[in-house]
Amino acid sequence: MTRGVLLMTYGSPADDLHDLADYLTAVRGGRAAPDELVAEFRRRYKVIGGSPLIPITRSQAEAVERLLRDRGVDARATVGMRFSEPSVATGLRELADAGCDEVAGIIMSPQYSGLLMGGYERAIDSHVKNLRQKLEPNPRQPRYVVTVYGVGYKLQDDERGVGQPAEEAAHA
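Just so it is clear, the structure is predicted and the values come from calculations on it, not from any experiment. Note on numbering: residues in each chain are counted from 1, in written sequence order. Reporting in this predicted model follows two pLDDT cut-offs: at least 70 for local features of residues, and 80 or more for side-chain atom pairs to be given and counted; totals over whole chains, interfaces and linings ignore these cut-offs and use all residues. The basis for every side-chain value is the complete set of heavy atoms in the structure, and neither hydrogens nor water enter the calculation.

With that settled, consider the pattern of salt bridges. Salt bridges are counted wherever a side-chain nitrogen of Lys or Arg sits within 4 Å of a carboxyl oxygen of Asp or Glu. One pass over the structure, following the stated rule, counts five salt bridges. Its salt-bridge partner being Glu 40, residue Arg 44 comes within 2.8 Å of it at the nearest N-O pair. In this pair, Arg 44 and Glu 40 are both assigned in helix α2 (residues 35-48), four residues apart and thus about one turn of the helix distant. Taken together, the salt bridges that share partners define one network made up of Glu 40, Arg 43 and Arg 44. A run of H or I in DSSP counts as a helix once it spans at least four residues, and a run of E counts as a strand once it spans at least two, with each numbered from the N terminus.

Right under this line is the structure:
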């Protein structure tokens, strides 16, 4: 079994700031940032040399993966940003492509807020909903991406392959 770890944090604009307006729009809940606000943030990011958040989080993911592997756990770790690339969806896709059977999401926030944490949960729920739309014969009654209450979500494979109902697998 391959385990995945997704370290999630707020995100930041790209180093060259080409996506700064889009980033600020995402942070502001879809409301476009006024030009003067974008200009002020651009000035501030240039003064401090950009944001180290994504590189630091990537280094933390590498350390988590190395620690787990050193302890004999077949694990992959990566990052997912709430408001920028690499997004939570990108991180989940990376872990799925690496063959992870289980994924633990860790919110890398220095403070707790129900509103803040709820945003990460909604991001994951949204991606699971999209995944169910693609995989499930009836997304309202999932058979393959199932909810494990108190735990999260689980990919239900049952050795018949995702997307292939049990009835079809029995006759294959």
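There is more to say after this.
Time to look at the pairing of strand β5 (residues 152-155). Two strands qualify as a pair provided DSSP detects at least 2 bridges between them. Direction of pairing for strand β4 (residues 145-148) relative to β5: antiparallel, over a ladder of four bridges. Across the sheet, residue Val 146 finds its bridge partner in β5, namely Lys 154. Following β4, the chain reverses through three residues before pairing antiparallel with β5; Gly 150 in that reversal takes a positive phi of roughly 85°.

The way to describe two aromatic rings as a pair is by their centre distance and the angle between their planes. Note on aromatic pairs: the rings of Phe, Tyr and Trp (six-membered ring only in Trp) are paired at centre separations within 6.5 Å, and the planes decide the class, stacked below 30 degrees, edge-to-face beyond 60, tilted for the rest. As enumerated under the stated definition, the model contains two aromatic pairs in all. Arranged with centres 4.7 Å apart and planes meeting at 70°, the rings of Tyr 10 and Phe 83 form a pair that is edge-to-face. With Tyr 10 in the loop between β1 (3-9) and α1 (20-27) and Phe 83 in the loop between β2 (75-81) and α4 (88-97), this pair connects stretches of sequence that are 73 residues apart. Relative accessible area decides the class of each residue, using a 1.4 Å probe on protein chains only: under 20% of the type maximum gives buried, over 50% gives exposed, and in between gives partly exposed. Look at Tyr 10 and you get partly exposed, because its relative accessible area is 29%. You can call Phe 83 buried: its relative accessible area is 15%. Seen in terms of ring centroids, Phe 41 and Tyr 45 are 6.5 Å apart; in terms of plane orientation they differ by 40°. Their pairing is tilted. Of this pair, Phe 41 and Tyr 45 are both found in helix α2, four residues apart, which corresponds to roughly one turn of the helix. Take Phe 41: its relative accessible area is 26%, and that puts it in the partly exposed class. In this structure Tyr 45 comes out as buried when scored by relative accessible area, which is 14%. Over the ring of Tyr 120 we find Arg 82, and its NZ or CZ is 5.4 Å from the ring centre. Geometrically, a charge over a ring is one whose NZ (Lys) or CZ (Arg) sits within 6 Å of the ring centre while staying within 35 degrees of the ring normal.

Take the side chain of Thr 78 next. The topology assignment puts Thr 78 in strand β2. Contacts are assigned to residue pairs that have any heavy atoms within 4.5 Å of one another. The contacts of Thr 78, once residues within four sequence positions are left out, are Val 5, Leu 6, Leu 7, Ala 61, Gly 91, Glu 94 and Leu 95.

Let us look at the confidence of the model for the protein chain. For every residue, the predictor reports its confidence as pLDDT, a number between 0 and 100. Chain-level statistics for the protein chain give a pLDDT mean of 86 and a share of 91% at 70 or above. Confidence drops under pLDDT 50 across residues 159-172; counting only partners more than four residues distant or on other chains, this segment forms 19 contacts.

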